[in-house]
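As a plain string of letters, each chain reads:
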Amino acid sequence: EDKVVQSPLSLVVHEGDTVTLNCSYEVTNFRSLLWYKQEKKAPTFLFMLTSSGIEKKSGRLSSILDKKELFSILNITATQTGDSAIYLCAVGSYAGGTSYGKLTFGQGTILTVHP
Amino acid sequence: GAVVSQHPSRVICKSGTSVKIECRSLDFQATTMFWYRQFPKQSLMLMATSNEGSKATYEQGVEKDKFLINHASLTLSTLTVTSAHPEDSSFYICSATRTGVKDTQYFGPGTRLTVL
């Protein structure tokens, strides 16, 4: 059974701090790893990673994948209160020979940034 | 681009009734749509994968006769919760992938279902 594990499950920091969120996975037929941010409603897409060692960046957020060790990290520098959210890691895999991929989600990390 | 809508955003119904939730991709064609369920402070649990014009693929443990999925067009999928019971109360979220683009799923805003 495919498995995605995130750590820590929750994190409380102050504005300006840097945080690192972890995601490890055990998935057959791995295709990609995705990070999402979920505030009050539906998750919004942050990154999709398919290759090891290539960092993706968007503003204060960055992420990297290690396909040998089967994990990814999401870094957020100079955190702001608006970064408070649940961060979800999901792994995409081939689904039984079909053309579409399904995502297996981790439990999420609840990040709280205090002023 | 890549906007997904869901309707209704919130529904309250009596036990035993059926509820239909719509998921639409507004500015792209979605060959594949996914239905998830999320309990408070928990992650997303995939219920089923819906492909346009074919039967949905349900995850283990999800009753296909209770959660009816129809994907009649490239922009619309519906989830009908039949004979709803209080334990079906949850947050239901759909997502869609662009035709020809794998893995990146765009999520709808979700539907909060409360069964009394």
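**Q** Looking at this structure, how should I read the packing of aromatic side chains?
**A** Within the structure shown, the criterion is met by ten aromatic pairs over all chains. Note on F105 of chain A and Y36 of chain B: the rings are 5.5 Å apart at their centroids and 90 degrees apart in plane angle, and the pair reads as edge-to-face. Linking F105 of chain A in strand β10 (residues 101-105) with Y36 of chain B in strand β4 (residues 32-38), this pair reaches from one chain into another. For the pair shown, F105 of chain A and Y36 of chain B are each scored as buried. On the basis of an interplanar angle of 65 degrees and a centroid distance of 6.1 Å, the ring pair of F28 of chain B and Y106 of chain B is categorised as edge-to-face. Taken as a pair, F28 of chain B in the loop between β3 (19-25) and β4 and Y106 of chain B in strand β10 (residues 106-107) lie far apart in primary sequence, 78 residues in all.

**Q** How do you make sense of the interface of chain A and chain B when you look at a structure like this?
**A** Size of an interface, as often reported, equals the accessible area lost when the parts are brought together. Chain A puts 20 residues into the contact, and the matching count from chain B is 21 residues. Buried surface at the junction of chain A and chain B, both sides included, amounts to about 1700 Å², of which 58% is carbon and sulfur. Scanning the region where chain A abuts chain B turns up zero salt bridges. Run the count over chain A and chain B and you get three residue pairs in polar contact (both at pLDDT 80 or more). Residue assignment for the side of chain A that touches chain B shows that the elements contributing at least two residues are β4 (30-38), β5 (44-49), β9 (85-94) and β10 of chain A. Its residues assigned to classes, the side of chain A that touches chain B shows ten nonpolar, seven polar and three charged.

**Q** I would appreciate a short explanation of the pattern of salt bridges in the present structure.
**A** Any two side chains of opposite charge can pair, given that their charged atoms come close. Residue and element names in this part refer to chain A. A complete count under the given rule lists four salt bridges over all chains for this structure. Between K37 and E39 there is a salt bridge whose closest N-O contact spans 4.0 Å. By relative accessible area, which is 13% here, K37 ends up buried. Overall, the relative accessible area of 49% leaves E39 in the partly exposed class. In this structure, the salt-bridge partner of D83 is R60, at a minimum N-O distance of 2.8 Å. Within this pair, whereas D83 is found in the loop between β8 (71-76) and β9, its partner R60 is found in the loop between β6 (56-58) and β7 (61-66), the two being separated by 23 residues in sequence. Residue class for D83 comes out buried when judged on its relative accessible area of 5%.

Rules used throughout
- Residues numbered from 1 in each chain as written.
- Chains lettered and ligands numbered in written order.
- Predicted model: local features only at pLDDT ≥ 70, side-chain atom pairs only at ≥ 80, totals over all residues.
- Heavy atoms only, no water.
- Phe/Tyr/Trp six-rings, centres within 6.5 Å; stacked < 30°, edge-to-face > 60°.
- Helix = DSSP H or I, 4+ residues; strand = E, 2+ residues; numbered from the N terminus.
- Buried < 20%, exposed > 50% of the residue type's maximum accessible area, 1.4 Å probe, protein only.
- Contact = heavy atoms within 4.5 Å.
- Buried area = accessible area lost by both parts, 1.4 Å probe.
- Salt bridge = Lys/Arg side-chain N within 4 Å of Asp/Glu carboxyl O.
- Polar contact = N/O pair within 3.5 Å; in protein donor to acceptor, adjacent residues only side chain to side chain.
- Nonpolar A, V, L, I, M, F, W, Y, C, P; charged D, E, K, R; others polar.

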